[in-house]
Amino acid sequence: MDTQLARSEITQERSRASARALTVLLLGPLTMLAGVAWAFLQPWRVTLLHPRGEGFWWLVVEPPLLVVLAGLVVALAAPAIVRDLEAAGS
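Here goes a summary of the coordinates provided.

What counts, and where the lines are drawn
Residues numbered from 1 in each chain as written. Predicted model: local features only at pLDDT ≥ 70, side-chain atom pairs only at ≥ 80, totals over all residues. Heavy atoms only, no water. Helix = DSSP H or I, 4+ residues; strand = E, 2+ residues; numbered from the N terminus. Buried < 20%, exposed > 50% of the residue type's maximum accessible area, 1.4 Å probe, protein only. Contact = heavy atoms within 4.5 Å. Areas by Shrake-Rupley, 256 points an atom, 1.4 Å probe, with all protein chains shown as cover. Axes fitted to C-alpha atoms, helices over the stretch in contact; angles between N-to-C directions. Parallel < 35°, antiparallel > 145°, perpendicular 65-115°, else oblique. Nonpolar A, V, L, I, M, F, W, Y, C, P; charged D, E, K, R; others polar. Expected span 1.5 Å × (residues − 1).

Section: the overall build of the chain
Phase 1: Within the chain, the secondary structure is distributed over 4 helices and 0 strands.
Phase 2: When the helices and strands of the chain are placed in sequence order, the string is α-α-α-α.
Phase 3: Residues classed as buried in the chain amount to 13% of the 90 residues present.
Phase 4: Of the contacts made within the chain by residues no fewer than 6 positions apart, 62% connect residues no fewer than 24 positions apart.
Phase 5: When the accessible surface of the chain is summed, it comes to about 7,000 Å², and 69% of that surface belongs to carbon and sulfur atoms.

Printed below as a string of structure tokens:
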């Protein structure tokens, strides 16, 4: 077998992301999308829209906002997790 052909096959194989990697990379954005959808479907849960004398922590610690924040954290950590997955797989 030609070594150049073998190298190109290996490069093509490694350039495609695995299903596990894609799943990990999509967890963050999908979680943020779920938080935004939750805020639109149940706007009364987001008291930032109608604060009526609520305190700072009551306004900041809202479940839909926390879900969006969790999705952001996962999205920022996902590339490192994918690198670890790929390193463990090879």
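Focus on the packing of helix α2 (residues 19-41) against helix α4 (residues 63-89)
Phase 1: In the contact formed by α2 and α4, the axes pass within 8 Å of each other and the chain directions differ by 170°. Relative to α4, the element α2 lies roughly antiparallel.
Phase 2: Classifying every residue of the contact of α2 with α4 by side-chain character gives 21 nonpolar, 4 polar and 1 charged.

A short note on α2
Phase 1: Relative to the 33 Å expected for 23 residues at 1.5 Å per residue, α2 spans 31 Å between its end C-alpha atoms, a close match to the ideal helical length.
Phase 2: Within α2 the residues assigned to the buried category are Ala21, Val24, Gly28 and Gly35.
Phase 3: Here the buried face of α2 lies against α4.

A look at the side chain of glutamate 62
Phase 1: For glutamate 62, the position within the fold is in the loop between α3 (56-60) and α4.
Phase 2: Its relative accessible area of 4% is what places glutamate 62 among the buried residues.
Phase 3: Among all residues touching glutamate 62, those that are not within four sequence positions of it are Arg45, Val46 and Thr47.

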